[in-house]
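If you want the building blocks of each chain, they are given just below.
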Amino acid sequence: FIINMVDEATLQVVRGALRGVKVAAPHDRVLKNECCFSFDTAESPGGIYINLRTFQAFGEDFLALDQQRTKNTLYLHEKAHRVPLEEEGDAEKEAVKIRPEGGMQVSLGGGPKYRLEKKKELVVMDPSAGSTLRVPLPCPDLPELLLQAIASLEAHEDSSTKDHVTEWAEELRPSRYAENLPQLEASRKISPNPKDWRCDESGVTENLWLNLSTGFIGSGRQNFDGSGGNGAALRHYEATGRKYPLVVKLGTLSPHGGDVYSYADDENDMVLDPYLAQHLAHWGINMMQMEKTEKTTAELQLEMNLNYEYSRITEEGSKMTPLSGPGLTGLINLGNTCYMNSVMQLLAKVPEFRSKYVDPAGEIFKSAPTDPTMDLGSQLSKVAVALTQGRTGHTLPPDAPSTDNTDEAQGVHPPKPTASEDLKVLTRAVRPAYFKSVIGKGHPEFSTFHQQDAVEFFQHLLNQVARFERAGAQRMGGAAAATLPTPDYFSFQVQERDQCSESKLLRYKFQDSNVLALGIPEEAATNRAEVDAYKERAQQYQAAGETGQKPEPVIPNVPFAACIERFAAPEEMADVFSPALGCKVPATRTTRLASFPPYLMLSFKRYYVAENWVPKKLEVAVDVPTRINLEHLRGKGPQPGEALQPDVPEGPQQAPAPALTADPVLVAQLASMGFSEAACTRAALAVKNAGPEAAMEWVLAHMEDPDINAPLEPASSAASGGAVSEEALSTLSGMGFTSKQAEKALKACDGNVERAVDWLFSHADDPMEDEEPQQGAAQPAPAVVDGPGEYELVGFVSHMGSNTACGHYVAHIRVDGRWVIYNDEKVAESEHPPLDLGYMYMFKQIDV
């Protein structure tokens, strides 16, 4: 520990730069661990520089830029290297001494623990002279304010630190029946010994569930493949008048709880029982003395749904060679963020996206707001640069082991990991924490660390990118004018042709979309005989008490052409408005694509909600070709000689009805099933509060809508007039909108500035009355770009899990003629890409 001293001349320079330096208060936003514009940290070759005015950190390459933007000249410079803790005792002491939340002790990939040895210095920049003064720390001679500012930064937790959740966990809700659960008189005591447990109906000894109200022990329900149980527990619930819905799986009991299921129609799912210990005690079971003897439902779901596809999708057992460098950078999982990582890897392979966010990155950073970490443009560029250029902010030290993995791939046991092994991950992957924060800000789902649907995230991402590019096109310089808005590369129009069953007249409707969702016709499987034989073997295996050889699973193989045929097939609709008749009548609908985008995102409807409202997954393989031709799906609009419906507004003209409000009870019922509040509210309004069944059908039919989870805006009462606040006008004008635009938006949003900003973003291309076009302004590009219907596959995202609220996502992308797997931070050459198990596929148009 060395105390550094400075002379008076140095102190004079330091005192002259003190203006604006402050002590970090608990409420201040401190971003000290990572550069705002890159992924540089204290472990990067140049270390990290922390602005003593803004408390923001910057890598060496962006130090001058921050100084120009903030005019600050005082920085705390930190540079760190890792010192392994070789002895177990030392590691334990270090774990007590060093706070994990401060980022000081890290273990990536199960490597050994270590401590970071940091060197710190005060940096005083003199831009006019082009010189830099450095004062090694600690230095007690520095002014007291400066010492306090540095100490406050060291003690302050980085504001980007967040608690993460377990990757595979599903969020369970407490059962509404738990608190006042009726329990019959305890006529029996349940033995704590698992060997004594038997199904009261059949005598089977596995997969046993105790009804917490009646004390009945019954077998669980059958799975789709015939395994699981005989359903005695459910039959008992039905036989007792459906009054006692809560059951617990005996083999999962432990001091931490157990699997509880509710058979009630409004839950019918795994739930939490906050009073489980009390309910078990009624039947003589001391939960604190129980030991888990069977797999939990979640573990069984993973085994059933993942064992086959996980090994296929992650290519478990293959001799995969790790890759790194430009275009081969991984994204570290922050906790259930694999859906985001996989989508971003796909998007980074779009050249037009790179031209907007990689090439002009310097201009985007230069024009960033005060806090770049909350600026979508800056964080998009930061991630895009890392993924395309391999800029991770870290390099391996000269004495580090080689990253070659040949021996391990050939089955040779690798040497014991060292501290450098952890560094390998950091040299090949980045941690997109700031991007995750800004892209999810304000969204009820993507702002959390719960698992999400990759398709929904892709659509949300395009919406957010569209808003940024409308408002910040000038920040990208010539790239914005030379290319289309990013979402337009994925946008296409769907044509719906409805033929009235009574008048036989036709009506054409067109709607925008950015994902082509295809259903999977299981009945078209080419191996139906093998699937049926497997189900029979599985039932026999179950009947024999799960003894003998467990049958290998066989899943249906459905041709890709069959999925296209289902999409193109005529569909009988029950209630379609006929303008000619003025009422709703049955109609035949044929769906086609009115345009083909440069990049086609295709997804399969693998996930659905069963009749009992339990999320399910179609265990089906669809062999997707690497080249497809969809020209036969092109819709050409009304044709000569066709008899069309009159062009009148849909529905009879009536006096305006009172504004409908969503039934809060109905919204709560839908939300309890895992849907967002916005989607539930839209469903309730769409079906006019008709009930949960109708609302559920509406939600399922509109899951692919881009705005399904977007917050709803209340109907405006001031859209047709009324004065607006001069202060509000000034605020919007200061954001770059014209006075006409600002006034129209405020009138449409009852004077609410925040809503007016959203309105302007969503109506950016709408013409404003009496508004002259700005001199030199670029004309808006068409919303939909059309091209040939021939495509080649760029990459795809696969999902492993029972539904999109849990599980894991992986991306496979073709790079330089070879397939590469992107499994979060792990990037490797792919030997057997599972083309038949993908969830969403990105195709690139072939220019013919």
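Residues numbered from 1 in each chain as written. Predicted model: local features only at pLDDT ≥ 70, side-chain atom pairs only at ≥ 80, totals over all residues. Heavy atoms only, no water.

Asker: Hey, could you go over the confidence of the model for the protein for me, with residue numbers and the actual values?
Answerer: In the predicted model, the protein carries a mean pLDDT of 82, and the fraction of residues at 70 or more is 77%. For residues 304-310, every residue scores under 50 in pLDDT, and the model assigns this stretch 25 contacts once sequence neighbours within four places are set aside. With pLDDT under 50 throughout, residues 769-782 is counted as low confidence; its partners more than four residues away or in other chains account for ten contacts. (pLDDT = per-residue confidence, 0-100. Contact = heavy atoms within 4.5 Å.)

Asker: Please provide a residue-by-residue account of the sheet that holds strand 17 (residues 571-578), values included.
Answerer: Strand order in this open sheet of four strands is 14-13-18-17, and the pairing throughout is antiparallel. The sheet is open, and its two borders are formed by strand 14 (506-513) and strand 17, each paired with just one other strand. Each neighbouring strand pair of the sheet contributes to a mean axis angle of 40 degrees, computed without reference to strand direction. Sheet analysis places strand 17 next to strand 18 (residues 583-593), joined by six bridges and oriented antiparallel. By the bridge assignment for strand 18, E571 is matched with R589. (Pairing = 2+ DSSP bridges. Helix = DSSP H or I, 4+ residues; strand = E, 2+ residues; numbered from the N terminus. Axes fitted to C-alpha atoms, helices over the stretch in contact; angles between N-to-C directions.)

Asker: Before we move on, can you summarise the environment of D266 with the specific residues and values?
Answerer: Residue placement: D266 occurs in the loop between strand 9 (260-262) and strand 10 (269-271). For D266, a relative accessible area of 25% translates into the label partly exposed. On a C-alpha basis, the gap between D266 and L670 in space is 9.5 Å, while along the polypeptide they are 404 residues apart. Other than its neighbours up to four places away in sequence, D266 contacts R176, Y177 and S672. (Buried < 20%, exposed > 50% of the residue type's maximum accessible area, 1.4 Å probe, protein only.)

Asker: Help me get a handle on the pattern of salt bridges, residues and values and all.
Answerer: Note on pairing: side chains with opposite charge can pair once their charged atoms come close. As enumerated under the stated definition, the model contains 26 salt bridges in all. R176 serves as the salt-bridge partner of D266, at 2.6 Å between the closest nitrogen and oxygen. Residue D266 is found in the loop between strand 9 and strand 10, and its partner R176 is found in the loop between helix 4 (144-155) and strand 6 (208-211); the two are separated by 90 residues along the sequence. In this structure, E523 and R566 form a salt bridge, with 3.1 Å as the shortest nitrogen-oxygen distance. A residue pair is termed long-range when its members are at least 10 positions apart, and E523 in the loop between strand 15 (516-518) and helix 17 (528-543) and R566 in helix 18 (residues 560-568) qualify at 43 residues. A relative accessible area of 49% places E523 in the partly exposed class. Linked by salt bridges that have partners in common, E78, K118, K120 and E154 make up one network. (Salt bridge = Lys/Arg side-chain N within 4 Å of Asp/Glu carboxyl O.)

Asker: Outline the sheet that holds strand 3 (residues 74-84), supporting the account with residue identities and numerical values.
Answerer: The five strands are arranged 2-1-3-4-5 in an open sheet whose pairing can be described as antiparallel. Where the open sheet ends on each side, the last strands, each with one partner, are strand 2 (57-59) and strand 5 (131-136). Strand-to-strand, the axes of this sheet are offset by a mean angle of 35 degrees, without reference to chain direction. Where strand 3 meets strand 4 (residues 114-126), eleven bridges bridge the pair, whose relative direction is antiparallel. Within strand 4, the position partnered with H81 by the bridge is E117.

Asker: Tell me about the nonpolar core, and name the residues and values.
Answerer: Counting residues in hydrophobic clusters, the biggest one holds 94 residues, and the most contacted among them are L122, L146, F435 and F490. In terms of residues, this core owes the most to one element, helix 15 (residues 454-471), which gives eight residues. Excluding its chain neighbours within four sequence positions, the residues that come into contact with F435 are M340, M344, L376, Q379, L380, V383, F457 and L461. Counting 32 residues, the second largest nonpolar core, distinct from the first, contains F560, C563, F596 and L633. (Core = buried A, V, L, I, M, F, W, Y, C linked by side-chain atoms within 4.5 Å.)

Asker: Could you give me a rundown of helix 4, with the residues and numbers involved?
Answerer: Between the first and last C-alpha of helix 4 there are 16 Å, a value that for twelve residues agrees with the 16 Å anticipated at 1.5 Å per step. Among all positions of helix 4, only L146, A149, I150, S152 and L153 are buried. The buried residues of helix 4 occupy an angular sector of 160 degrees when projected down its axis, which confines them to one face. Away from the buried face of helix 4 by more than 90 degrees, exposed residues E144 and A155 are located. Residues of helix 4 that are buried in the fold lie against helix 1 (8-16), strand 1 (48-51), strand 3 and strand 4. (Expected span 1.5 Å × (residues − 1). Arc of directions from axis to C-beta.)

Asker: Lay out the packing of aromatic side chains in plain terms, naming residues and giving numbers.
Answerer: On inspection of all chains with the given rule, the structure shows 19 aromatic pairs. Taken together, a centroid distance of 5.5 Å and an interplanar angle of 75 degrees make the contact between F446 and F457 edge-to-face. Taken as a pair, F446 in the loop between helix 14 (433-440) and helix 15 and F457 in helix 15 lie far apart in primary sequence, eleven residues in all. For the pair formed by F446 and F457, the shared burial category is buried. Measuring from ring centre to ring centre gives 6.4 Å for F560 and F604, while their planes differ by 90 degrees; the resulting arrangement is edge-to-face. With a gap of 44 residues between them, F560 in helix 18 and F604 in strand 19 (residues 599-604) connect regions that are remote in the sequence. For F560, a relative accessible area of 9% gives the class buried. Since its relative accessible area comes to 1%, F604 is described here as buried. Ring pairing ties together the aromatic residues F560, F604, F796, W819 and Y841, which thus form one cluster. Here R176 stacks its cationic end above the ring of Y177, 5.5 Å away from the centre of that ring. (Phe/Tyr/Trp six-rings, centres within 6.5 Å; stacked < 30°, edge-to-face > 60°. Lys NZ or Arg CZ within 6 Å of the ring centre and 35° of its normal.)

Asker: Report on helix 19 (residues 664-671), specifying residues and quantitative values.
Answerer: Taken residue by residue, helix 19 has L666, V667 and L670 as its buried positions. Seen end-on, helix 19 carries its buried residues on one side only, within an arc spanning 100 degrees. Facing away from the buried side of helix 19, by more than 90 degrees, are the exposed residues P664 and V665. Contacts made by the buried residues of helix 19 are with helix 20 (677-686) and helix 21 (692-701). The opening residue of helix 19, the one whose side-chain oxygen lies 3.1 Å from the backbone nitrogen of V665, is D663. (Polar contact = N/O pair within 3.5 Å; in protein donor to acceptor, adjacent residues only side chain to side chain.)

Asker: How would you explain the packing of helix 19 against helix 20 if you had to name every residue and give the values?
Answerer: Running from N to C, helix 19 and helix 20 point in directions that differ by 130 degrees, and their axes come no closer than 9 Å. Relative to helix 20, the element helix 19 is oriented oblique. With respect to the hand of their crossing, helix 19 and helix 20 are arranged in right-handed fashion. Residues L666, V667, L670 and A671 of helix 19 pack against E677, C680, T681, A683 and A684 of helix 20. Partitioning the contact of helix 19 with helix 20 into residue classes produces seven nonpolar, one polar and one charged. (Parallel < 35°, antiparallel > 145°, perpendicular 65-115°, else oblique. Left-handed = near helix turned anticlockwise from the far one by under 90°. Nonpolar A, V, L, I, M, F, W, Y, C, P; charged D, E, K, R; others polar.)

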